[in-house]
Amino acid sequence: MAERNFDMIVIGAGPGGYVAAIRGAQLGLSVAVVEREHMGGICLNWGCIPTKALLRSAEVFHLMRHAGDFGLSADAVGFDLGRVVARSRKVAGQLAGGVSHLMKKNKIAVVMGRARLDGPRRVRVQTDGGAEVLVGGAVVVATGARARDLPGLEADGKRVWNYKHALQPPHMPERLLVIGSGAIGIEFASFYNTLGAETTVVEIMDRILPVEDEEISTLARKAFEAQGMTILPKSLVRNLDRGADAVTAEIETGGKTRTETFDTVISAVGITGNTEDIGLEDAGVRVERGHIVTDAYGRTGVDGLYAIGDVAGAPWLAHKASHEGVTVAELIAGSSDVHPVAPESIAGCTYCHPQVASVGLTEAQAREAGHEVRVGRFPFIGNGKAIALGDPQGLIKTVFDAQTGALLGAHMIGPEVTELIQGYVVGRTLETTEAELIATVFPHPTLSEAMHESVLAAFDRVIHI
Ligand SMILES: Cc1cc2nc3c(=O)[nH]c(=O)nc-3n(C[C@H](O)[C@H](O)[C@H](O)COP(=O)(O)OP(=O)(O)OC[C@H]3O[C@@H](n4cnc5c(N)ncnc54)[C@H](O)[C@@H]3O)c2cc1C
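This section reports on the structure supplied with the text. (Residues numbered from 1 in each chain as written. Predicted model: local features only at pLDDT ≥ 70, side-chain atom pairs only at ≥ 80, totals over all residues. Heavy atoms only, no water.)

Packing of helix H3 (residues 48-65) against helix H4 (residues 81-105) brings their axes to within 8 Å, and their N-to-C directions diverge by 145°. Relative to H4, H3 is oriented so that their crossing is right-handed. On H4, the residues touching Ile49, Pro50, Ala53, Leu54, Arg56 and Ser57 of H3 are Val84, Val85, Arg87, Ser88, Arg89, Val91, Ala92 and Leu95. Along the lines of polarity and charge, the residues of the contact of H3 with H4 split into nine nonpolar, two polar and three charged. (Axes fitted to C-alpha atoms, helices over the stretch in contact; angles between N-to-C directions. Helix = DSSP H or I, 4+ residues; strand = E, 2+ residues; numbered from the N terminus. Left-handed = near helix turned anticlockwise from the far one by under 90°. Contact = heavy atoms within 4.5 Å. Nonpolar A, V, L, I, M, F, W, Y, C, P; charged D, E, K, R; others polar.)

Reading across from one edge, S12-S13-S14 is the order of the three strands in this open sheet, with antiparallel pairing throughout. The open sheet terminates on both sides in strands that have one partner only, identified here as strand S12 (235-242) and strand S14 (256-262). Strand-to-strand twist across the sheet, computed as the mean angle between neighbouring axes with direction ignored, equals 25°. (Pairing = 2+ DSSP bridges.)

The subject of this paragraph is the pattern of salt bridges. Applying the stated criterion across every chain yields a total of 28 salt bridges. With a shortest N-O distance of 3.2 Å, lysine 320 and glutamate 324 are connected by a salt bridge. In this pair, lysine 320 and glutamate 324 both sit in helix H9 (residues 318-332), four residues apart, roughly one turn of the helix. Residue class for lysine 320 comes out buried when judged on its relative accessible area of 2%. The shortest N-O distance in the salt bridge between aspartate 460 and arginine 374 comes to 2.9 Å. (Salt bridge = Lys/Arg side-chain N within 4 Å of Asp/Glu carboxyl O. Buried < 20%, exposed > 50% of the residue type's maximum accessible area, 1.4 Å probe, protein only.)

Here we take up a nonpolar patch on the surface. Side chains of Leu63, Phe70 and Leu72 sit close together on the surface and give an oily, nonpolar patch of about 280 Å² of accessible area. Since its relative accessible area comes to 39%, leucine 63 is described here as partly exposed. (Patch = residues over 30% accessible without salt bridge, like charges linked within 9 Å, V, L, I, M, F, W, Y side chains within 5 Å. Areas by Shrake-Rupley, 256 points an atom, 1.4 Å probe, with all protein chains shown as cover.)

The next thing to look at is the site of the ligand. In the vicinity of the ligand, 38 residues are found, and the nearest of them are Gly16, Glu35, Lys52, Asp310 and Ala318. Residue isoleucine 42 places a main-chain N or O atom 2.9 Å away from an oxygen atom belonging to the ligand. Between the ligand and the protein, one listed contact pairs an oxygen atom with a backbone N or O atom of leucine 317 at 3.3 Å. The biggest single contributor to the shell around the ligand is helix H2 (residues 41-46), with four residues. (Near = heavy atom within 4 Å. Polar contact = N/O pair within 3.5 Å; in protein donor to acceptor, adjacent residues only side chain to side chain.)

In terms of burial, strand S9 (residues 175-179) is largely enclosed, as four of its five residues are buried. In the sheet, S9 pairs with strand S10 (residues 198-202) via five bridges, with the strands oriented parallel. Bridging from a neighbouring strand, leucine 176 pairs with threonine 199 of S10. Since S9 and S10 lie parallel, the crossover through helix H6 (residues 183-194) that links them has a hand, and here it is right-handed. Two elements, S9 and strand S15 (residues 264-267), share four bridges in a ladder whose sense is parallel. Bridging across to S15, valine 178 finds its partner in isoleucine 266. (Right-handed = clockwise from strand over helix to strand, strands pointing away.)

Bringing H6 into the picture now. For H6, with twelve residues, the first-to-last C-alpha span of 16 Å sits near the 16 Å given by 1.5 Å per residue. A large share of H6 lies buried, amounting to ten of its twelve residues. A positive backbone phi angle near 115° is found at glycine 196, which sits one or two residues after H6. (Expected span 1.5 Å × (residues − 1).)

Ranked by size, the top nonpolar core spans 35 residues in total, and within it Phe188, Phe191, Tyr192, Phe224 and Ile266 carry the most contacts. Breaking this core down by element, the ones donating at least two residues are H3, H4, helix H5 (163-167), S9, H6 and helix H7 (214-226). For this core, the element with the most residues is H6, which contributes five residues. Once residues within four sequence positions are removed from consideration, phenylalanine 188 is found in contact with Thr51, Leu54, Tyr163, Ala166, Leu167 and Ile266. In terms of nonpolar packing, the next biggest core, distinct from the first, is built from 27 residues, Met8, Tyr18, Val33 and Val328 among them. (Core = buried A, V, L, I, M, F, W, Y, C linked by side-chain atoms within 4.5 Å.)

Time to look at the environment of lysine 90. Within the secondary structure, lysine 90 is located in helix H4. In this structure lysine 90 comes out as exposed when scored by relative accessible area, which is 64%. Sequence separation between lysine 90 and glycine 427 is 337 residues; the distance between their C-alpha atoms is 36 Å.

What the five strands build is an open sheet, ordered S8-S15-S9-S10-S11; its pairing is parallel. Strands at the two margins of the open sheet, each flanked by one partner only, are strand S8 (160-161) and strand S11 (230-232). Docked against the sheet, H6 engages S8, S9, S10 and S15, running at close to 165° with respect to S10.

The interhelical angle for the contact between H3 and H6, taken along N-to-C directions, is 35°, at an axis separation of 9 Å. In this structure, the crossing between H3 and H6 has a hand that is left-handed. In contact with Thr51, Lys52, Leu54, Leu55, Ala58, Phe61, His62 and Arg65 of H3, H6 contributes Glu187, Phe188, Ser190, Phe191 and Thr194.

Taken as a whole and judged by the stated rule, the model has four aromatic pairs. Aromatic pair phenylalanine 61 and phenylalanine 79: ring centres 5.4 Å apart, planes at 85°, arrangement edge-to-face. Of this pair, phenylalanine 61 sits in helix H3 while phenylalanine 79 sits in the loop between H3 and H4; the two residues are 18 residues apart in sequence, bridging distant segments of the chain. Given a relative accessible area of 8%, phenylalanine 61 falls into the buried group. We classify phenylalanine 79 as partly exposed; its relative accessible area is 33%. Ring geometry for tryptophan 161 and tyrosine 192: centres 6.0 Å apart, planes at 55°, overall tilted. Taken together, the positions of tryptophan 161 in strand S8 and tyrosine 192 in helix H6 put the pair 31 residues apart, joining distant regions of the chain. Since its relative accessible area comes to 0%, tryptophan 161 is described here as buried. The rings of Trp161, Phe191 and Tyr192 are connected pair by pair, giving a single aromatic cluster. The ring centre of tryptophan 46 lies 3.9 Å from the NZ or CZ of arginine 89, which sits over that ring. Above the face of the phenylalanine 262 ring, arginine 175 is positioned so that its terminal group lies 5.2 Å from the ring centre. (Phe/Tyr/Trp six-rings, centres within 6.5 Å; stacked < 30°, edge-to-face > 60°. Lys NZ or Arg CZ within 6 Å of the ring centre and 35° of its normal.)

See below:
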């Protein structure tokens, strides 16, 4: 069987794998990437990008329906779901094509096929045309993750959808049940609710967006309820009875079980790593709860074998995967200055309306960790740009260590906060304290002024409230 040699072999061309490959090539390694399905992975094809394209359509639709608020008129505002979806698919396709171009530009060998570890530093690829073996100095597993199915709630693509189905819907939901209120569930709830679906969200935890600061979760719930959603925290979908045109859900909520009928259900109960059938067991790699166990540098404990991105565990975010890709490539290339991922400085963003974004410790986590905290809050209703935009809902909350002034966490809900959060992320990387943030001049009028004011508020110096 044909064998080819490379310094680095990457399995999976998602944002973890393709970024690792590019960084490796930049550092002079000969690199091969094996991909079984689509360049760009889940993120570009079925995740981050196509969802944002859908949400943008929903945002424009919302604005058009409120044209009168801006002194404009837009009559007979409507939508064509097929064209909304077609745009989302086109955007995804454009970006996936861009990844192929980047592979070529960086002289990375792309092998389309299914990869499996075949002994130390060897990967066997099953392609349409047969099989080939790649032999490498190092192998990086970046096989990503897929939607988790719970017994009884399995997606079937008809009336019960996972994220892939929800991204190319066979019909427009009229009565929609979303199971799970993490970022994926809430983004789809926001999209379909904005387009007019009567939407119910069921969450097993005591609040929606459960990883966010409690105050932000509470504000998000209020905002979604004001938009007409029904939110059921501390609730559980026990069973789905599937008919041709409807699904009857058994929902345990408030100590009672009730049945409700929906025409569509989206199951967004989490993801699980693609760890099967790639030879991890034979290689001696530790897999726990669906994810490969690694150290902070992506090392699996097996010589020459690394794992990055979703398959290596939480947080399941594209930018975390990409950063890990850079880290392992630099390690493999022998760079002396390799920075492992600091999970506490990775921002999480949810692109619902209003948007939600955060980095670092929540107020509760900071207190639990033993910090004496100073907390600042600034509402967007006090921000000129937000008012001019016609979207002054939400707030920015900052959490500082009272002794040192270190910025422990930042939590936001409101307009464009998914863009704003990066300011605090940079601050955390620079190990900023309140002193630098207070001394920074923020441009006017911008939404970012609310970031400044939140810091000022934490130190009793807020100006505009
Ligand atoms: C609906 C949705 C919305 C999301 N939105 C966001 C967001 O806004 N922001 C964000 O940061 N994250 C978001 N995510 C998460 C993000 O998509 C993932 O964190 C990211 O894709 C992980 O990158 P990865 O490289 O680890 O894996 P993936 O992107 O999953 O890529 C893995 C690749 O490996 C390939 N593969 C698997 N097994 C093999 C094999 N044996 N041989 C060859 N190839 C193989 C797969 O085909 C796939 O292309 C979203 C996810 C979903 C589902």
